[in-house]
Amino acid sequence: MASRATQVVPLEDVVVECHDAKTYRFSADGEPRPGQFLMLWIPRRDEVPMAYSYLRNPMGITVREYGDATRALAAEAKKGYRVGVRGPYGNAFAIEGTRALAVAGGVGIASVIAAVEAFAEANIPIETAFGARTKDELMLLDRLKVAGAVHLATDDGTAGHHGFVTDVAAKLLAGGTFDMVLTCGPEVMMKKVVDAANGRGVPVQASLERYMKCGIGICDACVLDDRLVCADGPIFWGEALAESKDFGHWRRNICGQRVKA
Amino acid sequence: MASRATQVVPLEDVVVECHDAKTYRFSADGEPRPGQFLMLWIPRRDEVPMAYSYLRNPMGITVREYGDATRALAAEAKKGYRVGVRGPYGNAFAIEGTRALAVAGGVGIASVIAAVEAFAEANIPIETAFGARTKDELMLLDRLKVAGAVHLATDDGTAGHHGFVTDVAAKLLAGGTFDMVLTCGPEVMMKKVVDAANGRGVPVQASLERYMKCGIGICDACVLDDRLVCADGPIFWGEALAESKDFGHWRRNICGQRVKA
Amino acid sequence: MADLRAEVAGVKLRNPTLLASGFLDETGGSMLRVFNAGAGGVVTKSVGPEPREGNLNPTVVELPVGLLNAVGLPNPGIADYEAEAKVAVSGGAAVIGSVYGRDAQEYAAVAKRMASYDVLAVELNLSCPHAKGLGTEIAQDPEAVEEITRAVKKVVHVPVWSKLSPNVADIASFADAAKRGGADAVTAINTVKSMAISADLKMPVLKNGYGGLSGPAIKPVGLRCVYEIFEAVDIPIVGVGGIETGADAIEYLMAGARAVQIGTALLRRGLDVFPRACAEMSTWMDANGYAKVGDLVGAAHGK
Amino acid sequence: MADLRAEVAGVKLRNPTLLASGFLDETGGSMLRVFNAGAGGVVTKSVGPEPREGNLNPTVVELPVGLLNAVGLPNPGIADYEAEAKVAVSGGAAVIGSVYGRDAQEYAAVAKRMASYDVLAVELNLSCPHAKGLGTEIAQDPEAVEEITRAVKKVVHVPVWSKLSPNVADIASFADAAKRGGADAVTAINTVKSMAISADLKMPVLKNGYGGLSGPAIKPVGLRCVYEIFEAVDIPIVGVGGIETGADAIEYLMAGARAVQIGTALLRRGLDVFPRACAEMSTWMDANGYAKVGDLVGAAHGK
Ligand SMILES: Cc1cc2nc3c(=O)[nH]c(=O)nc-3n(C[C@H](O)[C@H](O)[C@H](O)COP(=O)(O)OP(=O)(O)OC[C@H]3O[C@@H](n4cnc5c(N)ncnc54)[C@H](O)[C@@H]3O)c2cc1C
Ligand SMILES: Cc1cc2nc3c(=O)[nH]c(=O)nc-3n(C[C@H](O)[C@H](O)[C@H](O)COP(=O)(O)OP(=O)(O)OC[C@H]3O[C@@H](n4cnc5c(N)ncnc54)[C@H](O)[C@@H]3O)c2cc1C
Ligand SMILES: Cc1cc2nc3c(=O)[nH]c(=O)nc-3n(C[C@H](O)[C@H](O)[C@H](O)COP(=O)(O)O)c2cc1C
Ligand SMILES: Cc1cc2nc3c(=O)[nH]c(=O)nc-3n(C[C@H](O)[C@H](O)[C@H](O)COP(=O)(O)O)c2cc1C
Ligand code: FES
Ligand code: FES
């Protein structure tokens, strides 16, 4: 079990992606695949799950300043700052199909970016529909564009489609040529994407988020129905999600109580 | 460290070698080399060191019925009887030189037999001088003879030279053609062989015995000067033994007290 | 074919490998899944009177020799837990309900409610080493163990298993205290109080500082505890600590356990740990002439 | 280059890695060899008033997670040990003399004699978990620890280190007892009471049944004990339990130890364990800006 011991690593680079998100680069053991995640120990604060946005050393994670710990990290972390990482954990996106569409919302892009690149590397054409609240929050665009066409949406209309990325995705799906969809973002968004893809019979993979403690499939904190987001997921197929009672509706709070999503 | 866990194995064969010694065969993990030993757990009795007289599965040890535990083993053990083994431990005979002489006394043959065969396999001519109290105790002769010439001695003259094997060895060494000697047997015998070989400048390896507890170089029970018979030995070169204050003179008792050998 | 059925103080189990408390048992769905994967039964997460968040992360550290945790008893509280227990029980799982409390009354109240959820037995977590003020003292005070066990026995109709801590000088005296309190069985052991330190960060890795060690490192400790209790106290024992294989389980049974629990080994073997351990037990028993689990219990004590 | 010199209650050591009691220290030749291989000092085998055979074999079991032993305090007795100590001391080794006894008087008598062999300090083995009647009770009775320490302090002029058992509910209270008795330092920890069972033979593997676990499995326990003592009691600590690498040693120092002892890791690294651990410490200290060992001591307690 030694392979997934906590590794304390110095940050080699901190890149500001937008007003409330940064990418942190570091070198660690392990060979994450697209969509997998690590547990990020922010010393004295918390340990939280983060997707790998860069897979090879220096690996990277792209973190939105969301609550206490992520904000403290953003405030304190500069080159040389040390964090703990353990992983890679969870399953990975299946890189398959003949024409793929990635649908990302906000920092959800951090989870799909490596997959988008992997599709491109596997010579499977991939397009990305990417939405955010405002133009500034449209991160990692350079890498997305190298991999394939990018369709943007912003809530405030500062870039791309003025409105929801789900509308953009629906239109693209209606084109009928995609045979693989992947998605990561707010659960309401993913629910729409999954429903749309399922409705058209297109295979869809969604990367889910749940409150995580162990990250390794033992504590039951991250349960979705009777599956573990940390160990059976974080990526689930649309078929399974169609049967889920929890997806889009329920989550567990930190005490394990089932509460409205 | 898992590799040297105690393995409980059923005996696959029990061969009576003479009135007070038997060979026990069993299959176990590990790849012993000539001269190495194992710790033999005789359930409910004791755990004692034994040289491998057969190296490959079914491995074997040839045990003289000496004290309580070895006698109990001889009385109880038949095919299917279970013993514990852990090993291989210790160093091995160096299979080198161009013409070798093995000098064995009594059950000491158990420790050199595999080495004698290894010399033959390496196409290094080897002869064996083998002494025992009486003819019946001259064990494992078939294997010795396949490997090379065998010169016998018995205290009672029932086979070979009537007298000490050391006399036989001295005569052979006087021939002047051996450039490697190995020996195992009572310490007084080995002392003579080592002195003789050292005197002629012929490299000599002796397999020593000391009281052993751990067998793995931590408890200090088996110390010879400042070397451990279990870990630095059991095989020592004549050069080192020439400097030894203990060899042929002192041993440690079970309490660790230094007592006359 | 060896008969793997086991029995602990009247609780009948289809096989002797139970899910240990704290692993995939905060929710009914997970418990049912573990049972359906082949566990002989499942012990619930330890549930208390109120919902509880547990400790802040990091709460878990993977070490080369085992797992260190200080989750700190997160649980949804006994009221919400009814729905979870129901999913598992109505799905057919053999469920043992684990509970904790601050004192004997609280234990009794929670245990009573837990028993009403149709669990086969109640396990008292008297031993969690890291929840401050919620067990540390209890775990190390035989009188508290006796008193709590007695209070619970008064109000529940199902068998009561008292789960003991190894972080004491003499675990057998705690088994004896549990017995005096009326326990139907004891479970041994909970985790061993431990710590991991990050030199790079100059601090303990767990947010809580201290934690409990489980997995391979504690198997020799658990075996010793079960053996000691078996020698000293006439009470059924459920063994737990570092069990992964059928061989491990058999060693615990021979030390004196009537059934075993498995937790950390989920990390290495996943849910297959249960059917695999059972298959290994069965193969070994057939090869060695043991017809049923009971024949193994305490076998290492024969002189 | 980091300065690796260490000091424990006035005992100056060229580096903080000592040989633990029970390893290659029954004889003077071996102790000198270990010291010459690079250990900062050597602790002798625990020596008692009379020669003692110890337990019958098997006395040692190699487990995947560590070593289980019940050697049972074999030793040549304090009279014969004079010659051994002399070889090591006159050879230049820094020797700490470990002793045991049945009661305070015996401890004092043996310790007095040991001190006369020019050892730098005396370590009291108050904690051997397997010698029946020779430590089990002492190890678990703080008053005995205090009384013995006091009796020894009265008769020896060198510093006294009281070595504590982890097989207790609260090791810090034992450190406190040692301090009350006048101990100059405490050593923590001795082995963790454990057992290995052979299913094939239906019996414990050790002839003695119970034994003490050492090596990797107990490192998290030892770290916890040192950390706990450091928090609770103001007394120098020598850390021991599962230390193999420089990183392990640094973690112990940060937990609060001023020096460490190494035993079981000899199995994996041989005598090189000492120079290797020291080199690793030195490299890490240089890279992380620590000039001397003292700067590491207790560093993990800073909030
Ligand atoms: C598999 C997975 C991958 C993720 N990848 C990314 C990523 O690449 N980039 C990114 O910015 N965010 C990612 N997240 C979300 C990220 O974990 C949370 O934003 C982060 O935990 C917030 O921490 P905080 O302490 O700042 O917030 P807090 O103030 O502690 O809490 C705010 C909210 O953050 C979430 N959260 C807090 N702790 C946890 C936890 N232990 N597990 C899960 N959620 C938690 C909860 O929703 C909580 O309500 C991912 C989450 C999961 C489950
Ligand atoms: C490296 C080594 C290899 C050996 N190989 C063989 C072999 O191949 N065949 C063989 O017959 N004998 C061999 N011996 C000797 C064998 O170990 C003893 O004959 C055996 O231990 C006697 O055990 P017992 O209980 O019957 O005798 P006991 O009645 O216990 O004691 C009689 C004598 O046996 C010796 N002895 C007992 N226990 C031990 C122990 N733990 N370690 C060392 N010596 C002990 C002592 O000299 C003791 O005085 C070897 C010894 C060593 C050190
Ligand atoms: C993450 C985690 C959570 C645990 N939670 C509980 C608990 O709530 N109640 C309890 O009695 N034991 C709890 N335990 C202890 C286990 O039930 C078990 O006694 C211990 O882990 C040893 O078994 P193992 O080595 O098979 O894991 C927990 C252990 C771990 C690792
Ligand atoms: C074979 C063996 C013998 C031991 N003998 C003693 C002893 O005589 N006195 C003592 O205080 N500790 C003794 N110990 C305990 C060690 O000194 C040490 O506390 C323990 O092994 C933990 O350290 P480690 O993990 O580095 O081995 C012994 C340990 C072993 C394995
Ligand atoms: S976070 Fe613990 S099971 Fe998923
Ligand atoms: S037998 Fe223990 S050191 Fe050799």
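Fair warning: this is a prediction, and the values are worked out from it, not measured in the lab. (Residues numbered from 1 in each chain as written. Chains lettered and ligands numbered in written order. Predicted model: local features only at pLDDT ≥ 70, side-chain atom pairs only at ≥ 80, totals over all residues. Heavy atoms only, no water.)

Draft legend 1. Spatial organisation of the packing of helix α8 (residues 246-255) of chain C against helix α10 (residues 273-288) of chain C. Residues and elements named next belong to chain C. Interaxial distance between α8 and α10 falls to 7 Å at its minimum, and their mutual angle equals 65 degrees. With respect to their mutual orientation, α8 and α10 come out roughly perpendicular. α10 is crossed by α8, and the crossing has right-handed handedness. For the pair formed by α8 and α10, the contact residues are Gly246, Ala249, Ile250, Leu253 and Met254 on the first element and Ala277, Glu280, Met281 and Trp284 on the second. (Axes fitted to C-alpha atoms, helices over the stretch in contact; angles between N-to-C directions. Helix = DSSP H or I, 4+ residues; strand = E, 2+ residues; numbered from the N terminus. Parallel < 35°, antiparallel > 145°, perpendicular 65-115°, else oblique. Left-handed = near helix turned anticlockwise from the far one by under 90°. Contact = heavy atoms within 4.5 Å.)

Draft legend 2. Spotlight on the site of ligand 3. Residues and elements named next belong to chain C. Not every one of the 24 residues close to ligand 3 is listed here, only the nearest: Ser21, Ser46, Lys163, Gly242 and Thr264. At a separation of 2.6 Å, an oxygen atom of ligand 3 approaches a polar side-chain atom of Thr264. Contact with the protein chains covers 98% of the free accessible surface of ligand 3, which is 610 Å². Looking at the shell around ligand 3, its residues break down into nine nonpolar, 13 polar and two charged. (Near = heavy atom within 4 Å. Polar contact = N/O pair within 3.5 Å; in protein donor to acceptor, adjacent residues only side chain to side chain. Areas by Shrake-Rupley, 256 points an atom, 1.4 Å probe, with all protein chains shown as cover. Nonpolar A, V, L, I, M, F, W, Y, C, P; charged D, E, K, R; others polar.)

Draft legend 3. Focus on the confidence of the model for chain C. Taken residue by residue, chain C gives an average pLDDT of 95. The fraction at 70 or more is 97%. On the interface metric, ipTM, the complex scores 0.96, and its pTM is 0.96. (pLDDT = per-residue confidence, 0-100.)

Draft legend 4. Expanded view of the interface of chain D and chain C. With 38 residues of chain D in contact, the opposing surface of chain C contributes 38 residues. Taken over both partners, the interface formed by chain D and chain C buries close to 3100 Å², and the fraction arising from carbon and sulfur atoms is 65%. Among the residues of chain D in contact with chain C, Ile197(D), Lys202(D) and Arg224(D) are the three that bury the most area, contributing 19% of the side total. Linking chain D with chain C are 10 residue pairs in polar contact (both at pLDDT 80 or more), by the criterion used here. Going through the elements one at a time, β11 (192-194), β12 (197-198), β13 (203-204), α7 (219-232), α8 (246-255) and α10 (273-288) of chain D are the ones with two or more residues in the side of chain D that touches chain C. (Buried area = accessible area lost by both parts, 1.4 Å probe.)

Draft legend 5. Main features of the side chain of Asn190(C). All names here are of chain C. Inspection of the secondary structure puts Asn190 in the loop between β10 (185-188) and β11 (192-194). Note on Asn190: relative accessible area 11%, which makes it buried. Polar side-chain contacts of Asn190 include one of 3.4 Å to the side chain of Asn125. A polar side-chain atom of Asn190 sits 3.4 Å from a polar atom in the side chain of Thr191. (Buried < 20%, exposed > 50% of the residue type's maximum accessible area, 1.4 Å probe, protein only.)

Draft legend 6. Representation of the packing of aromatic side chains in the model. Residue and element names in this part refer to chain A. Scanning the entire structure with this criterion turns up six aromatic pairs over all chains. The side chain of Arg258 reaches across the aromatic face of Trp250, ending 4.8 Å from its centre. For the cation-ring pair, Lys260 lies above Trp250, with the distance from its terminal atom to the ring centre recorded as 4.3 Å. (Phe/Tyr/Trp six-rings, centres within 6.5 Å; stacked < 30°, edge-to-face > 60°. Lys NZ or Arg CZ within 6 Å of the ring centre and 35° of its normal.)

Draft legend 7. Spotlight on the state of the cysteines. Taken as a whole and judged by the stated rule, the model has zero disulfides over all chains. Cysteine Cys18(A) shares no disulfide, and the gap to the nearest cysteine sulfur, in Cys184(A), comes to 15 Å. (Disulfide = S-S within 2.5 Å.)

Draft legend 8. Main features of the sheet that holds strand β9 (residues 126-132) of chain B. Residue and element names in this part refer to chain B. The strand order across the open sheet formed by seven strands is β11-β10-β9-β8-β12-β13-β16, and the pairing between neighbours is mixed. Edge positions in the open sheet fall to β11 (161-162) and β16 (235-237), since each of these has one partner strand only. Of the strand pairs in this sheet, strand β8 (residues 100-105) and β9 are connected by six bridges, and their pairing is parallel. Its bridge partner being in β9, Ala102 is matched across the sheet by Thr128. Along the sheet face, helix α2 (residues 109-121) touches β8, β9, β12 (180-184) and β13 (204-207) and points at about 155 degrees away from the line of β12. (Pairing = 2+ DSSP bridges.)

Draft legend 9. How the structure looks around the interface of chain A and chain C. If you look at the interface, chain A gives 35 residues, while chain C gives 40 residues. Between chain A and chain C the total buried area reaches about 3400 Å² when both faces are included, carbon and sulfur atoms providing 56% of it. Linking chain A with chain C are four salt bridges. The residue Glu62(C) makes a salt bridge to Arg4(A) at a minimum N-O spacing of 3.7 Å. In this assembly, chain A and chain C are joined by 15 residue pairs in polar contact (both at pLDDT 80 or more). For the side of chain A that touches chain C, the secondary-structure elements that each account for two or more residues are β4 (37-42), β5 (46-51), β7 (82-89) and β15 (227-228) of chain A. Across the side of chain A that touches chain C, the residue classes tally to 18 nonpolar, four polar and 13 charged. (Salt bridge = Lys/Arg side-chain N within 4 Å of Asp/Glu carboxyl O.)

Draft legend 10. Up close: the site of ligand 1. Near ligand 1 there are 23 residues, and of these Pro49(A), Thr62(A), Arg64(A), Thr70(A) and Met212(A) occur at the shortest range. With respect to ligand 1, the chains having nearby residues are chains A and C. The contact in question runs from an oxygen atom of ligand 1 to an N or O atom on the backbone of Gly67(A), over 2.9 Å. In this structure, a nitrogen atom belonging to ligand 1 sits 2.8 Å away from a main-chain N or O atom of Met212(A). Surface burial for ligand 1 is 80%, taken as the share of its 850 Å² of free accessible area covered by protein chains. Broken down by secondary-structure element, the contributors of at least two residues to the shell around ligand 1 are β5, β6 (59-64) and α1 (68-76) of chain A. Counting residues per element, the shell around ligand 1 draws most heavily on β5(A), at six residues.

Draft legend 11. Local environment of the packing of helix α1 (residues 28-37) of chain C against helix α2 (residues 77-90) of chain C. Residues and elements named next belong to chain C. Interaxial distance between α1 and α2 falls to 7 Å at its minimum, and their mutual angle equals 25 degrees. Relative to α2, the element α1 is oriented roughly parallel. Relative to α2, α1 is oriented so that their crossing is right-handed. Here Gly28, Gly29, Met31 and Leu32 of α1 lie close against α2, whose contacting residues are Tyr81, Glu84, Val87 and Ala88. Classifying every residue of the contact of α1 with α2 gives five nonpolar, two polar and one charged.

Draft legend 12. The arrangement of the pairing of strand β9 (residues 126-132) of chain A in detail. All names here are of chain A. Counted residue by residue, β9 has seven buried out of seven residues, so it is predominantly covered. Residue alternation in β9 divides its side chains into two sets, Ile126, Thr128, Phe130 and Ala132 and Glu127, Ala129 and Gly131, and both sets are buried. Assessed by its sense of winding, the connection that carries the chain from strand β8 (residues 100-105) through helix α2 (residues 109-121) to β9 is right-handed. One ladder, built from five bridges, connects β9 with strand β10 (residues 150-154); its direction is parallel. By the bridge assignment for β10, Thr128 is matched with Val150. Each parallel crossover has a hand, and the one from β9 via helix α3 (residues 141-147) to β10 is right-handed. (Right-handed = clockwise from strand over helix to strand, strands pointing away.)

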